[in-house]
Amino acid sequence: MYPTVVKRLIFSHFSTVSIPRRFSHQNSSVQQPLPQTTVDETLASATTSTETTDEAHRHDRQSSREGERRRGVEYEDEQAHVLEAALRHVVRLGWSEAAMIAGAKEAGVSMAIIGSFPRKEAALVEFFMDDCLQRLIDRINAEEDLKNHVHSERIAKLIRLRLEMQAPYVPKWPQALSIQAQPANVPTSFKQRAMLVDEVWHASGDQASDVDWYLKRTALGGLYSASEIYMLTDNSPDFRDTWAFLDNTCSFVKRHWIEVSIFQH
Amino acid sequence: MAFLTSVRNLRSKLPSMLARTCLVHSHSTSFGFKEVPEEEKSKMVGNVFSSVASNYDLMNDLMSGGMHRLWKDRFVSELTPFPGMKHLDVAGGTGDVAFRILEKINSISRRALTNDPAEVLNDETQIYICDINPNMLNVGKKRAVERGLGESRSLKWVEGDAEALTFEDNSMDGYTIAFGIRNVTHIEKALAEAYRVLKRGGRFLCLEFSRVDIPILKELYDLYSFSVIPAVGELVAGDRESYQYLVESIRRFPPQDKFAAMIADAGFQKVQYENLVAGAVAIHSGLKI
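Residues numbered from 1 in each chain as written. Chains lettered and ligands numbered in written order. Predicted model: local features only at pLDDT ≥ 70, side-chain atom pairs only at ≥ 80, totals over all residues. Heavy atoms only, no water.

Naming follows an unreviewed UniProt entry, where chain B appears as 2-methoxy-6-polyprenyl-1,4-benzoquinol methylase, mitochondrial of Thalictrum thalictroides. The record in UniProt for chain B states the following under Pathway (unreviewed entry): "Cofactor biosynthesis; ubiquinone biosynthesis." The UniProt entry for chain B carries this comment under Subunit (unreviewed entry): "Component of a multi-subunit COQ enzyme complex, composed of at least COQ3, COQ4, COQ5, COQ6, COQ7 and COQ9. Interacts with PYURF; the interaction is direct, stabilizes COQ5 protein and associates PYURF with COQ enzyme complex." (UniProt positions renumbered as here; feature names shortened; annotations may be inferred.)

For chain A, an unreviewed UniProt entry supplies the name Ubiquinone biosynthesis protein and the organism Thalictrum thalictroides. Reading the Pathway (unreviewed entry) entry of the UniProt record for chain A gives the comment "Cofactor biosynthesis; ubiquinone biosynthesis."

On a plain count of helices and strands, chain A comes out with eleven helices and one strand. In chain A, of all internal contacts separated by at least 6 residues, the share reaching a separation of at least 24 is 68%. Here chain A displays about 13,700 Å² of accessible surface, and carbon together with sulfur accounts for 58% of that area. (Helix = DSSP H or I, 4+ residues; strand = E, 2+ residues; numbered from the N terminus. Contact = heavy atoms within 4.5 Å. Areas by Shrake-Rupley, 256 points an atom, 1.4 Å probe, with all protein chains shown as cover.)

It is worth spelling out the pairing of strand E1 (residues 86-90) of chain B at this point. All names here are of chain B. For E1, the tally of buried residues reaches four of five residues, placing the bulk of the element in the interior. Of the strand pairs in this sheet, E1 and strand E2 (residues 126-131) are connected by five bridges, and their pairing is parallel. Across the sheet, aspartate 89 pairs through a bridge with isoleucine 129, a residue of E2. Where E1 meets strand E4 (residues 172-178), four bridges bridge the pair, whose relative direction is parallel. In the sheet register, aspartate 89 faces E4, and the bridge partner there is threonine 176. (Buried < 20%, exposed > 50% of the residue type's maximum accessible area, 1.4 Å probe, protein only. Pairing = 2+ DSSP bridges.)

Residue and element names in this part refer to chain A. For the structure shown, the criterion picks out 16 aromatic pairs over all chains. Both rings, one in tryptophan 213 and one in tyrosine 214, keep their centres 5.0 Å apart while their planes meet at 75°; by these two values the pair is edge-to-face. With a relative accessible area of 28%, tryptophan 213 lands in the partly exposed category. Take tyrosine 214: its relative accessible area is 62%, and that puts it in the exposed class. Among the aromatic residues, ring-to-ring pairing joins Trp95, Phe128, Tyr169 and Trp173 into one connected group. The ring of tryptophan 213 is capped by arginine 217, whose NZ or CZ atom sits 4.0 Å from the centre of that ring. (Phe/Tyr/Trp six-rings, centres within 6.5 Å; stacked < 30°, edge-to-face > 60°. Lys NZ or Arg CZ within 6 Å of the ring centre and 35° of its normal.)

Our focus in this paragraph is the environment of Trp201(A). All names here are of chain A. Relative to the assigned elements, tryptophan 201 resides in helix H9 (residues 186-203). For tryptophan 201, a relative accessible area of 8% corresponds to the buried category. As a C-alpha pair, tryptophan 201 and leucine 220 span 19 residues in sequence and 8.2 Å in three-dimensional space. Leaving out residues up to four positions away in the same chain, tryptophan 201 has contacts with His151, Ile155, Asp206, Lys216, Arg217 and Leu220.

With that settled, the discussion passes to helix H8 (residues 134-146) of chain B. Residues and elements named next belong to chain B. Under the 1.5 Å per step criterion, the end-to-end length of H8 is 18 Å for 13 residues, consistent within 8% with the ideal 18 Å. Considered for burial, the residues of H8 that qualify are Met136, Leu137, Val139, Gly140, Arg143 and Ala144. Projected down its long axis, H8 carries its buried residues within an arc of 155°, all on one side. In H8, the exposed residues that point more than 90 degrees away from the buried face are Lys142, Val145 and Glu146. Capping of H8 at its N-terminal end is provided by asparagine 133; its side-chain oxygen lies 2.9 Å from the backbone amide nitrogen of asparagine 135. Of the residues trailing H8, glycine 148 is marked for its positive phi of about 80°. (Expected span 1.5 Å × (residues − 1). Arc of directions from axis to C-beta. Polar contact = N/O pair within 3.5 Å; in protein donor to acceptor, adjacent residues only side chain to side chain.)

In this section: helix H10 (residues 215-237) of chain B. All names here are of chain B. With 23 residues, H10 extends 31 Å between its outermost C-alpha atoms, agreeing within 8% with the 33 Å of an ideal straight helix rising 1.5 Å per residue. Of all bends in H10, the biggest is about 30°, found at serine 225. Note on H10: the residue one or two positions beyond its end, glycine 238, has a positive phi of about 70°. (Bend = angle between axes of the 7 residues up to and from the residue.)

Moving on to the side chain of Ser210(B). All names here are of chain B. Inspection of the secondary structure assignment puts serine 210 in the loop between strand E5 (198-209) and H10. By relative accessible area, which is 5% here, serine 210 ends up buried. Among the polar contacts made by the side chain of serine 210, one reaches the side chain of glutamine 256 at a distance of 3.1 Å. In this structure serine 210 touches Ile250, Pro254, Pro255, Gln256, Gly279, Ala280, Val281 and Ala282, once residues within four positions along its chain are discounted.

Residue and element names in this part refer to chain A. Counted under the stated rule, the structure contains 22 salt bridges over all chains. Glutamate 228 is the salt-bridge partner of arginine 193, the closest N and O atoms lying 2.9 Å from each other. Of the two residues, arginine 193 is situated in helix H9 and glutamate 228 in helix H10 (residues 213-232); the sequence distance between them amounts to 35 residues. The exposure classification of arginine 193 matches that of glutamate 228, with both residues buried. (Salt bridge = Lys/Arg side-chain N within 4 Å of Asp/Glu carboxyl O.)

For the rest of this paragraph, the subject is the UniProt feature "binding site: S-adenosyl-L-methionine" (unreviewed entry) in chain B. All names here are of chain B. Here, UniProt's "binding site: S-adenosyl-L-methionine" (unreviewed entry) annotation points to Thr94, Asp131, Asp161 and Ala162. Assignment of secondary structure puts threonine 94 in the loop between E1 and helix H7 (96-115). According to the relative accessible area criterion, threonine 94 is buried, its value standing at 1%. Among the secondary structure elements, aspartate 131 is positioned in strand E2. Exposure remark for aspartate 131: the relative accessible area of 1% places this residue in the buried category. There is a polar contact of 3.0 Å between the side chain of aspartate 131 and the backbone nitrogen of asparagine 133.

A word on a nonpolar patch on the surface. Residues and elements named next belong to chain B. There is a patch of nonpolar side chains on the surface, built from Ile214, Ile216, Leu217, Leu220 and Leu223 and spanning about 490 Å² of accessible area. Summarising the element assignment, isoleucine 216 is placed in helix H10. When its relative accessible area of 66% is taken as the criterion, isoleucine 216 is described as exposed. (Patch = residues over 30% accessible without salt bridge, like charges linked within 9 Å, V, L, I, M, F, W, Y side chains within 5 Å.)

Set out below in structure tokens:
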């Protein structure tokens, strides 16, 4: 009954809608705590800057944290269970609230819990991204044979490892990309991709932080995204074409990298 | 709904609070609170209500400039209702929130019908509207008929106290209370009851008047509530005092942070609030795990 313009005016000019304050201990961008230290630190520094730190808030958070401990179950765990279960329905229902509802049903909690995810299906995609990154880190730590590869091959191998994780979801992956591209979700999806690229560079044995740090990460980001997009329309068995594309692009970048480096210095 | 019900439980809460806090304009009403015995008060409030029931919608619109509709829309979208939901709306006699929830669920299930008919559980949707005041419930029932929801099996009207709900433990997916918790005598008890009836994963949402802390806006808001609202109340509803009670009860309700801490103390997790109109109204939410 009211034009949206009026709504916009009222909510945007006189409200703080965009910054819901927090009382309990929480981390809205990542549902599952990642044990790996580098990742954890990145996240912690990213989130603490947004939190208010005055005395009253700290007190509130402290007291509610104690309350949570008493009960023994943290809501983040429960949300993670729901999302984990929801992932099993993504192939059928897409990255949607329907999948999350199915997940809640499976996790045995009220479906009302979906309302506690502020950006709904984005939470599901982000959970998947975090989960994949964690699995990738685990694989990197577990696999010794990575060191036997040449640098560029190592990178291709890591990207392939990561892309293989989303292979079952390829028919629905364009939807996930569109969710990640929504303005409200861009900050998190950008951060997640940056973390992924960073992890791959580190795992490939590159610890440098020299001037071409950004260049390296941009190049790898492009390489990853290009392969990801290629994969969406790849109908070859076991995505053979994607891996061929990835290898080719990798060696192409490697060949031209020297030229770029010479150009820089 | 609660603009008027605001008055109904004040009888027991106000005297003690008045003694503690020094109020703006308290001199004009304080003796009224002290002199009137509880039983008479409730009767008075009941009478006030029946006399203004017809103006109820009009008063809400006048006092909030129509914004209460937006607040309620926002509130319900925060809840994210779903088909098959078992929901409890406390102090929601006039059905404002309940109708919105039902409409939202209906629109979702219409969409779902085109995708996956097996998922439609609309018949099981149950929205319990609980109010301590039977007059409020009657207004709501009447409005349900006007809206063509008179036959709806999803709406259930229940007379009951927010501090002693008659529903079973772990039976509800959602609990909402819009402009009502301010009037409950013991807020802690109402919160404990909300926690009790909710299922694991169920959510508590509260829409309530709150504090405006932005300097100039605060003064404007005070001026508006203490000068304009009682005057409008007198003019339209013919009852100045009950609207004076309304604005004072808003001042006495705990501010956003304190109320959020109370919700967390009741056992809820992920307690958050969101200010609308600079904090004149706030939406608090909590999650039961």
